[in-house]
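# Architecture and fold: a report
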Amino acid sequence: MKNTNIKEKDVAARPAPCINANGKLSAVSIHRSYLDINGPKSLTGGDYIYRLTQGGCSVGKYLYTCMVEDERLKIAKCVVVKIDLENGTVAGYSEELEMGHANDMTYNPDDNTIVVAYCTDGSILKILDADTLKLKDTVRLQHCGVFSISYDPIRKYYVGPCHNYINYVNSDFSFIRKVPYKNNGNPKQGVFSDGTYMYMLEYWRNPYDQEDMRNVLLVYDLDTAELVNQVDLGIRCESENITWWNGKFYVTCNNRQWYGSRVYEVEIKSSEE
């Protein structure tokens, strides 16, 4: 379903997409171990550790990663870790927050906020100040729910997948439309958009061999939600979020010990290049 409100001059003004989605795609994924973090200990003196990686995004040269408690404890505590992408140093932590599953994050440069998809209730978004990482607001979406989210500064809207639809929401969080999309039935993780495409992480784990894990990057037309290409990333641990910095994708995963994060730098090539 084409958005007829998009003018040709607006299309021409878009920057080039992150990848050339034409042709056969291949991925080179390099583990950047200096960006890995161990699960931080409780900030309030408790005996728990923020073990699991969930949502993430980048703001300039900083990577922001949500670390949450083991959800089997049924306790929703979370901390956002700020990491310098240039050297891997931890530049700061948020205070302890309650953000549900904190399944994905996105940066809105127009109002300098970080938006977090709560996920355990898809209608809830948490809004953080990007400088202080303090909670500014809680938004409840109307007419839709999302488990991942990306703000597209070119289109000036948020795009958020749910199980059967990709939802489009204005910068003021008012509902625009929803479009059905094709997926392979495997768990979907974080998303990122560049004005032309939406990039979605898909994770698969062999039920008979817990060490057999695969991650595919699905590439969708941002306007129509049509699946236009896909590529195996060659990453063998659970991917959680994806962002873009300095000409490369960065994919943050849970490590194999489920006790912290593991970060990959990913370059996508097309056979047409």
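Residue positions are given per chain, counting from 1 as you read along its sequence in written order. Under the rules for a predicted model, residues below a pLDDT of 70 receive no local features and side-chain atom pairs below 80 are neither given nor counted, while totals for whole chains, interfaces and linings still include all residues. Note that the side-chain values use all heavy atoms of the structure and ignore hydrogens as well as water.

## Looking at the pairing of strand E21 (residues 260-270)
As a reminder of what qualifies: Throughout, exposure labels follow a simple rule: accessible area from a 1.4 Å probe, protein chains only, divided by the maximum for the residue type, with under 20% read as buried, over 50% as exposed, and the rest as partly exposed. A run of H or I in DSSP becomes a helix once it reaches four residues, and a run of E becomes a strand once it reaches two; helices and strands are each numbered from the N terminus. The pairing criterion for strands is at least two bridges between them, as found by DSSP.
Extensive coverage of E21 is indicated by the burial of 8 of its 11 residues. Sheet topology places strand E1 (residues 25-31) next to E21; 7 bridges connect them, and they run antiparallel. Pairing of His31 across the sheet is with Tyr264, part of E21. Of the pairings in the sheet, the one linking strand E2 (residues 37-38) to E21 comprises 2 bridges and is antiparallel in character. When the bridges of E21 are listed, Asn38 appears paired with Gly260. With 6 bridges connecting them, strand E20 (residues 248-254) and E21 associate as antiparallel partners. Of the residues in E21, the one forming a bridge with Phe249 is Val266. Once E20 ends, the chain turns through 5 residues before running back antiparallel as E21, passing Trp258 with a positive phi of about 55°.

## Focus on the state of the cysteines
Stated formally: In plain terms, two cysteine sulfur atoms within 2.5 Å form what is called a disulfide here.
For the coordinates displayed, the defined rule picks out 0 disulfides. Here Cys18 is not cross-linked by a disulfide; its sulfur's nearest cysteine counterpart is in Cys57, at 15 Å. Considering cysteine sulfurs only, Cys144 is the nearest to Cys162, which forms no disulfide, with 7.7 Å between them.

## As for the sheet that holds strand E11 (residues 150-152)
Backbone hydrogen bonds hold the strands of a sheet together, and the pairing may be parallel or antiparallel. Short version of the rule: In this description, a line fitted to the C-alpha atoms serves as the axis of each element, helices being fitted only across the stretch in contact, and the angle between N-to-C directions of two axes falls anywhere from 0 to 180 degrees.
Ordered in space as E11-E12-E13-E14, the 4 strands form an open sheet in which the pairing is antiparallel. With partners counted over all chains shown, the strands left at the sheet margins are E11 and strand E14 (175-180), one partner each. Across this sheet, the average inter-strand angle for adjacent strands is 25°, counted without regard to direction. Where strand E13 (residues 165-170) meets E14, 5 bridges bridge the pair, whose relative direction is antiparallel. Within the sheet, the bridge partner assigned to Tyr168 lies in E14 and is Arg177.

## A closer look at the confidence of the model for the chain
Stated formally: The quantity known as pLDDT measures the predictor's confidence residue by residue, on a range of 0 to 100. Two residues form a contact once any of their heavy atoms are found within 4.5 Å.
Taken over all residues, the pLDDT of the chain has a mean of 91, while the share at 70 or more is 93%. Segment residues 1-9: pLDDT under 50, and 13 contacts once partners within four positions in sequence are set aside and those in other chains are kept.

## Quick word on the pattern of salt bridges
Heads up, the condition is: Salt bridge, as applied in this entry: a Lys or Arg side-chain nitrogen positioned within 4 Å of an Asp or Glu carboxyl oxygen.
If you walk through the whole model with that rule in mind, you get 12 salt bridges. A salt bridge links Lys188 to Glu202, with the nearest nitrogen and oxygen atoms 3.5 Å apart. Linking Lys188 in strand E15 (residues 188-193) with Glu202 in strand E16 (residues 197-205), this pair joins segments that are 14 residues apart in sequence. With a relative accessible area of 4%, Glu202 lands in the buried category. The salt bridge partner of Asp232 is Arg236, with a shortest N-O separation of 3.5 Å. The partly exposed category is assigned to Arg236, whose relative accessible area is 36%.

## Looking at the layout of surface pockets
For clarity, the threshold we go by: Note on definitions: the grid is 1 Å and covers protein atoms alone; a cavity is a set of points where a 1.4 Å probe fits but cannot get out; a pocket is an open set with protein on both sides within 12 Å along at least five of seven lines; lining residues have an atom within 4 Å of a point. Grid points are joined across faces, edges and corners, and a volume is the space filled by probe spheres set on the points. Gly counts as polar in this scheme, as do all residues outside two lists: the nonpolar Ala, Val, Leu, Ile, Met, Phe, Trp, Tyr, Cys and Pro, and the charged Asp, Glu, Lys and Arg.
The space that makes up the largest pocket amounts to roughly 400 Å³. Taken together, 26 residues form the lining of the largest pocket, with Ser58, Pro153, Phe192, Ser193 and Trp244 sitting closest to its centre. Listing elements by their share of the lining of the largest pocket, those giving two or more residues are strand E3 (52-59), strand E7 (104-108), E11, E15 and strand E19 (239-245). Split by residue class, the lining of the largest pocket holds 16 nonpolar, 8 polar and 2 charged.

## Observations concerning the sheet that holds E16
Pairing is antiparallel in the open sheet, where 4 strands are placed in the order E15-E16-E17-E18. With one partner strand each, in any of the chains shown, E15 and strand E18 (227-232) form the two edges of the open sheet. Strand-to-strand twist in this sheet, taken as the mean axis angle between neighbours without regard to direction, amounts to 20°. Pairing of E16 with strand E17 (residues 213-221) involves 9 bridges; the strand directions are antiparallel. Within E17, the position partnered with Tyr199 by the bridge is Val219.

## What to know about the nonpolar core
Let me state the cut-off plainly: To define a nonpolar core, start from buried Ala, Val, Leu, Ile, Met, Phe, Trp, Tyr and Cys residues and group those joined through side-chain atoms within 4.5 Å.
In terms of nonpolar packing, the biggest core is built from 23 residues, with Ile19, Tyr199, Leu233, Phe249 and Ile268 touching the most fellow members. Broken down by secondary-structure element, the contributors of at least two residues to this core are E16, E17, E20 and E21. With 4 residues, the top contributor of residues to this core is E16. Among all residues touching Tyr199, those that are not within four sequence positions of it are Pro17, Cys18, Ile19, Gly190, Val191, Phe192, Asp194, Leu217, Leu218, Val219, Ile242 and Phe249. Grouped together as the second largest cluster of nonpolar side chains are 17 residues, Cys78, Met105, Ile114 and Leu128 included.

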